[in-house]
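# Chains, contacts and geometry: an overview
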Amino acid sequence: MTPEKPTGSTGAAPKISFVSLGCPKALVDSERIITRLRAEGYELSREHKGADLVIVNTCGFLDSAKAESLEAIGNALSQNGKVVVTGCMGAEPENITAQYPNVFAITGPQQYESVLDAVHRAAPPQHDPFLDLVPPEGIKLTPRHYAYLKISEGCNNRCTFCIIPKLRGDLVSRPAGDVLREAERLVTAGVKELLVISQDTSAYGVDIKYAASTWKDREVRARFLDLSRELGTLGAWVRLHYVYPYPHVDEVIPLMADGHVLPYLDIPFQHAAPDVLRRMKRPAAQEKTLHRIARWREICPDLTLRSTFIVGFPGETEADFQLLLDWLDEAALDRVGCFRYEPVKGAVSNDLAEAVPKDVIEDRWHRFMARQQAISARRIKRKIGTRQHVIIDEVGPTVAKGRSKGDAPEIDGSVYVSSRRPLRVGEIATVKIERADAYDLHGTAVGF
Ligand code: SF4
């Protein structure tokens, strides 16, 4: 049977418009799909109109993210008409078809092959695969000087507020050799900063019993510590994200102190009150955690700690919340994000205890933010007068914008850099810090 001629086709390579929503992990999925499509000769379109097809990579974590995803699907349908939906929302297709029965295809998260099958049906490739059209490092949606490196999929934890294990399944780790080869390709292609991501970075390798695999002339075990150490030899900044507070995280701090990986730990604590943590099914020894944080800072004084918390978890009392505020004072974390509890459909936590009223959640969120802002401001002021290495993300006519080792892209603050010579994107400059505001630093380049 001859395939139906795709809408909008001009006989040239089919064009795909791509919408990527959600977290950095979803962005990595988008990059993989786009790399495959480009390898098969597809072109990317900046607009839905005139494209042969739209792919929407959705996020289904919170209800607000679901609403944003549904809106993106609606836009794509009205502007183009042929829409393939993938990503987290694809795990529950009935929620999409209830509103948009005419989407072309729906596939779940990480189902790269199914997305490609749907694309082939909707807009068949015009040529044989042009594998050599794609640079060896793949197509990256992030700027060329930093790249996300996904080391595993899924999660073995069962935090009661989270439906990710239901959507994405149990932990599946990539062999260390594969991860290191990808990282090496990225660095060879000009990447200066590798952002290591997964649902639970510190659990890396548990599912494959830490099996060793070959990289270069040696065997590397699929262990968080071993992988971090090897990544640290590649000559790029290595930043660790989404580290669950397991005890063995302590082992990686000396690697940060000696400069192998960045002195930066993104470690979601979620709460501090033991009862709340128990209902969340998260490690509940917060006193011990304070000791550990103090010890980490002794070993690595430059350590930047980023974390996230949830306020208004079912059953959270005023006393629990107070305990959290006091804990924040003691922990003195550098960067903190705070979510208001949302009863995500299908999350076990919704039925564990009585819901906290919305106005109480709102009030607690504001109190939390005010308390933490003062702490973060104090922490950031300590950098005034110091010299920091800054990676340049954007250049302007007089001032460039970059990040210190303590700032991850997209979520943390920036460093605004004046310089007597023009700086280049991706360059790492030494900057003398002169002032700080709530989230950002300002200074002058003193070394290149
Ligand atoms: S560790 Fe993260 S992904 Fe895994 S269940 Fe908990 S919140 Fe969800």
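Residues numbered from 1 in each chain as written. Predicted model: local features only at pLDDT ≥ 70, side-chain atom pairs only at ≥ 80, totals over all residues. Heavy atoms only, no water.

Each helix and strand counted, the protein chain has 12 helices and 20 strands in total. Computed over the C-alpha atoms, the radius of gyration of the protein chain is 23 Å, within 12% of the 22 Å expected from 2.2 N^0.38 for a compact globule of 448 residues. With respect to the principal axes defined by its C-alpha atoms, the protein chain has extents near 70 × 60 × 45 Å. Across the 448 residues that make up the protein chain, the buried fraction comes to 55%. Contacts in the protein chain between residues at least 24 apart in sequence constitute 72% of all its contacts with a sequence separation of at least 6. Accessible surface, the protein chain: about 19,900 Å² in total, of which carbon and sulfur atoms supply 53%. (Helix = DSSP H or I, 4+ residues; strand = E, 2+ residues; numbered from the N terminus. Rg over C-alpha atoms; globule rule 2.2 N^0.38 Å. Buried < 20%, exposed > 50% of the residue type's maximum accessible area, 1.4 Å probe, protein only. Contact = heavy atoms within 4.5 Å. Areas by Shrake-Rupley, 256 points an atom, 1.4 Å probe, with all protein chains shown as cover.)

What follows is about helix H1 (residues 24-39). With 16 residues, H1 extends 22 Å from end C-alpha to end C-alpha; this agrees with the ideal 22 Å at 1.5 Å per step. Among the 16 residues that make up H1, 12 are buried, leaving the element largely enclosed by the rest of the structure. Inspection of H1 places Pro-24, Lys-25, Ala-26, Leu-27, Val-28, Asp-29, Ser-30, Glu-31, Ile-33, Ile-34, Leu-37 and Ala-39 among the buried residues, and these make up the whole buried set. Gly-41 sits one or two residues past H1 and shows a positive phi near 95 degrees. (Expected span 1.5 Å × (residues − 1).)

On to the side chain of Glu-316, then. Of note, Glu-316 is situated in the loop between strand E14 (304-311) and helix H11 (318-331). Here Glu-316 falls in the buried class, since its relative accessible area comes to 5%. For Glu-316, the side chain forms a polar contact with the main-chain nitrogen of Gly-312, separated by 2.9 Å. At 2.8 Å, the side chain of Glu-316 forms a polar contact with the side chain of Arg-364. For Glu-316, the contacting residues outside a window of four places in its chain are His-271, Val-276, Arg-279, Ile-310, Val-311, Phe-321, Val-356 and Arg-364. (Polar contact = N/O pair within 3.5 Å; in protein donor to acceptor, adjacent residues only side chain to side chain.)

The next thing to look at is the site of the ligand. Inspection of the region around the ligand gives Cys-155, Asn-157, Cys-159, Phe-161, Cys-162, Ile-164, Pro-165, Gln-199, Tyr-244 and Arg-282 as its neighbouring residues. Tallied by class, the residues present in the shell around the ligand amount to seven nonpolar, two polar and one charged. (Near = heavy atom within 4 Å. Nonpolar A, V, L, I, M, F, W, Y, C, P; charged D, E, K, R; others polar.)

Ordered by their spatial adjacency, five strands build an open sheet running E2-E1-E3-E4-E5, and the pairing between neighbours is parallel. Unpaired on one side and paired on the other, strand E2 (43-45) and strand E5 (105-106) mark the two borders of the sheet. Examined bridge by bridge, strand E4 (residues 83-87) and E5 share two bridges and lie parallel to one another. Note that in E5 the partner of Val-84 across the bridge is Ala-105. Together, strand E1 (15-20), strand E3 (53-58) and E4 form the strand contacts of helix H2 (residues 63-79), whose direction differs from that of E3 by roughly 180 degrees. Contacting E1, E3, E4 and E5, helix H4 (residues 112-122) runs over the sheet at an angle of about 160 degrees to E3. (Pairing = 2+ DSSP bridges. Axes fitted to C-alpha atoms, helices over the stretch in contact; angles between N-to-C directions.)

Read these as layout, nothing more, since geometry by itself doesn't imply function.
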